[in-house]
Each structure stands twice: as structure tokens, then as C-alpha cells.
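Breakdown of the fold
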Amino acid sequence: MPLKTVVIRAFRILAVAEAFSWAALLTGMYFKWIAKTTELGVEIAGPIHGALFVGYGLAALALWRIQRWPFGVAFFAGVSAVFPFAFERWAGKRGYLTEGARPRADAKETAGV
């Protein structure tokens, strides 16, 4: 399997996993700081989210180079690491996560979702 395919697949998996781990971490933070019932959610979701966050960032940097993304696309990928649930779908619809295809002509639009 070509490296590009592996990185694209890994990025997609990491993007979704990172988004869900962020949601789990927010839930854990609610129970720790608002409900004041348990710290278990933060203790479990925190390290998992941290690892997935780093993996997502590394995969995004690799794709920036491999796919020759414009700076704006790479920047949106980075911002999406902090506010997940958007970039993977946006980039996929515009051809930035396909193996040999060039991005669509309308891919230069702003990163609105």
C-alpha cells in the first residue's frame, strides 16, 4: 500500500478519534468541575485525547507535505485539532484527502463548513 494511502487513512481515523476523545474529555471535565462527582473521566480521556491530538497533528503535517496542501488548508487542519468535528469532512469533500486526485476547482473557498 503506498505511503500516501496509509497517511490519508491514518489521518481520517485520527481525525474522528481525536474528535470523540475531545468530547469524552469535555464530558469528564463537566463531571469533575461542574457536577463535582468524579475525576475518572478526565483521568482516562485526558491522556487518550493528548496522544490522539499529537497523532492528528503529525498526520496533518505529513499530509500538508505529501498532498501539497495550500497554507490555508494546513492552517484549518491545525485549528480543527483544537475544535474538531469539521476538517476531515470538509477536506474530504474538496478532494484534499484523495490519493491521486487534484482538489476540486472550488477548493479555494474559505474553510466554512
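Going by the structure above, here's the rest.
Residues numbered from 1 in each chain as written. Predicted model: local features only at pLDDT ≥ 70, side-chain atom pairs only at ≥ 80, totals over all residues. Heavy atoms only, no water.

Let us now look at helix α2 (residues 40–66). The first and last C-alpha atoms of α2 sit 39 Å apart over 27 residues, in line with the 39 Å expected at 1.5 Å per residue. Helix geometry: α2 is bent most strongly at Gly46, by close to 25°, with proline Pro47 lying one to four residues after it. Here α2 has its buried residues at Ala45, His49, Leu52, Gly55, Tyr56, Ala59, Ala60 and Leu63. Of the surrounding elements, those touching the buried residues of α2 are α1 (3–34), α3 (71–82) and α4 (87–93). Of the residues flanking the end of α2, it is Arg68, one or two places downstream, whose phi is positive at about 55°. (Helix = DSSP H or I, 4+ residues; strand = E, 2+ residues; numbered from the N terminus. Expected span 1.5 Å × (residues − 1). Bend = angle between axes of the 7 residues up to and from the residue. Buried < 20%, exposed > 50% of the residue type's maximum accessible area, 1.4 Å probe, protein only. Contact = heavy atoms within 4.5 Å.)

Opposite charge on two side chains permits them to pair, given that their charged atoms come into close proximity. For the structure on display, the rule yields one salt bridge. For Arg12, the salt bridge goes to Glu88, with nearest N and O atoms at 2.5 Å. A residue pair is termed long-range when its members are at least 10 positions apart, and Arg12 in helix α1 and Glu88 in helix α4 qualify at 76 residues. Accessibility expressed as a relative area gives 29% for Arg12, which makes it partly exposed. (Salt bridge = Lys/Arg side-chain N within 4 Å of Asp/Glu carboxyl O.)

Right, let's get into the environment of Lys32. For Lys32, the position within the fold is in helix α1. Since its relative accessible area comes to 23%, Lys32 is described here as partly exposed. On a C-alpha basis, the gap between Lys32 and Val42 in space is 7.4 Å, while along the polypeptide they are ten residues apart. Residues within four places of Lys32 in sequence aside, it is in contact with Thr38, Glu39 and Val42.

Before going further, it helps to examine a nonpolar patch on the surface. Together, Phe53, Val54, Leu58, Leu61, Trp64, Phe71, Phe75, Val79, Val82 and Phe83 give the surface a local cluster of nonpolar side chains, amounting to about 1000 Å² of exposed area. For the nonpolar patch, the elements supplying multiple residues, two or more each, are α2 and α3. Element by element, the count of residues in the nonpolar patch is highest for α2, at five residues. Topologically, Phe75 is positioned in helix α3. (Patch = residues over 30% accessible without salt bridge, like charges linked within 9 Å, V, L, I, M, F, W, Y side chains within 5 Å. Areas by Shrake-Rupley, 256 points an atom, 1.4 Å probe, with all protein chains shown as cover.)

Moving on, we come to unusual backbone geometry. Positioned with a positive phi, Lys36 is a non-glycine residue whose angle comes to about 50°. Along the chain, Lys36 falls in the loop between α1 and α2. What makes Lys36 exposed here is its relative accessible area of 65%. You will see that Arg68, though not glycine, has its phi angle at about 55°, which is positive. Position of Arg68 among the secondary structure elements: in the loop between α2 and α3. According to the relative accessible area criterion, Arg68 is exposed, its value standing at 73%.

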